Amino acid sequence: MKFVPAGVVPFVALLLLQRRPVASRALLVTGSGCPSHGLCRSNVQEQTRKQVAVLNATAQELFSLYLKCQGEPFSSESDKLCNPAGIFFPAFRVNRTSERKEVMVAMYKLFAFLNASLGNITRDQEELNPMAKELLERLHNTTKTTRGLISNLTCLLCKNYNIFQVDVRYGDSSKGKSAFKKKQQGCQVLRKYVQVIGQAARVLLPHLSPS
């Protein structure tokens, strides 16, 4: 049996963790633990490109709708209240000239974090704004796309680089916080998401272009 150190999440568990908000760490490891390459669809690269493009195209609309549904003072003071400087968000230091492997790992960290954060935000909005049907639908659709993207990135990392465990740090849970703090944390994360997703798309898409 393969020994798994404390704090390390195996490959299959990474897929399961995509389904719920968590706060833990997993170490990047290469080795013989990757499942069969049969997990990858034949069009995995094209599908990944489309998923990133969809997230990039819809991020600003999601943020704007989120602000609208929170009411005042978020609608009029978003620059102040949604400033993401005080929250954790994965550093994104890769660029178009970075190695493809480095880009894929950075993307996995980014979207694993985002998926967990979307889970927190959706849970809070279901509690605070249960009648905001359009917002909730957009959050669910974004989460669905993000989960599909993580699955494809997991497959590409395992198939191409034999990487099946990735160092991921997740943000703080909003459980137990006041309604105002829950709304603020959500808008901070979504504001940062808008800022980063465009860069992520510009960096990742060239690495997924057909050979």
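Quick caveat, the model's predicted, so the values are computed rather than measured.

Caption draft 1: Summary view of the state of the cysteines. Counting across every chain of the model gives one disulfide. In this model, cysteine 82 is linked to cysteine 187 through a disulfide, with the two sulfur atoms separated by 2.3 Å. Here the S-S torsion is close to -110°, and the disulfide linking cysteine 82 with cysteine 187 is therefore left-handed. Taken together, the residues span a long stretch of sequence, with cysteine 82 in the loop between helix H3 (78-81) and helix H4 (100-128) and cysteine 187 in helix H6 (residues 179-207) at a distance of 105 residues. By the burial criterion, cysteine 82 is buried, and cysteine 187 matches it.

Caption draft 2: Layout of the nonpolar core. Grouped together as the largest cluster of nonpolar side chains are 55 residues, with contacts concentrated most on Phe92, Met107, Tyr108, Phe111 and Leu190. With 14 residues, the top contributor of residues to this core is H4. Beyond its immediate stretch of four places on either side in the chain, phenylalanine 92 contacts Ala106, Met107, Leu110, Val196, Gln199, Ala200 and Val203.

Caption draft 3: Here's a closer look at the pattern of salt bridges. Under the counting rule described, the total for this entry stands at six salt bridges. Residue glutamate 61 pairs with arginine 138 through a salt bridge whose shortest N-O separation is 3.1 Å. In this pair, glutamate 61 is assigned in helix H2 (residues 44-70) and arginine 138 in helix H5 (residues 133-161), connecting sequence segments 77 residues apart. Looking at glutamate 61, the relative accessible area reads 44%, which means it is partly exposed. Ionic pairing is found between aspartate 124 and arginine 123, a salt bridge with its closest N-O pair at 3.6 Å. Through salt bridges with shared partners, one network takes in Glu61, Glu134 and Arg138.

Caption draft 4: Up close: the packing of aromatic side chains. The full count for this structure, using the stated rule, is three aromatic pairs. A centroid spacing of 5.2 Å and a plane angle of 40° characterise the contact between phenylalanine 74 and phenylalanine 180, whose relative ring orientation is tilted. One end of the pair, phenylalanine 74, is in the loop between H2 and H3; the other, phenylalanine 180, is in helix H6, and 106 residues separate them in sequence. An aromatic cluster is present here, built from Phe88, Phe89 and Phe113 joined pairwise through their rings. The ring of phenylalanine 88 has arginine 169 lying over it, and the distance from NZ or CZ to the ring centre is 3.9 Å.

Criteria and cut-off values
- Residue indices follow the written sequence of each chain, beginning from 1 at its first position.
- Totals for whole chains, interfaces and linings use every residue, but because this is a predicted model, local features are given only for residues with pLDDT of at least 70 and side-chain atom pairs only at 80 or more, for both listing and counting.
- To get the side-chain values, all heavy atoms of the structure are used, and hydrogens and water are removed first.
- Disulfide assignment relies on a single distance test, namely cysteine sulfur atoms paired within 2.5 Å.
- Secondary structure elements follow DSSP: runs of H or I no shorter than four residues count as helices, runs of E no shorter than two count as strands, and numbering proceeds from the N terminus.
- Only protein chains enter the area calculation, which uses a 1.4 Å probe; residues under 20% of their type maximum are buried, those over 50% are exposed, and those in between are partly exposed.
- The nonpolar core is taken to be a set of buried Ala, Val, Leu, Ile, Met, Phe, Trp, Tyr and Cys residues, with the residues joined through side-chain atoms within 4.5 Å.
- Contacts between residues were defined by any pair of non-hydrogen atoms, one from each residue, lying within 4.5 Å.
- Salt bridge, as used here: a side-chain nitrogen of Lys or Arg that lies within 4 Å of a carboxyl oxygen of Asp or Glu.
- Aromatic rings from Phe, Tyr and Trp, taking only the six-membered ring of Trp, are treated as a pair when their centres fall within 6.5 Å; an angle between ring planes under 30 degrees marks them as stacked, one over 60 as edge-to-face, and anything in between as tilted.
- Comment: the charge-over-ring label is applied if NZ (Lys) or CZ (Arg) is within 6 Å of the ring centre and within 35 degrees of the ring normal.

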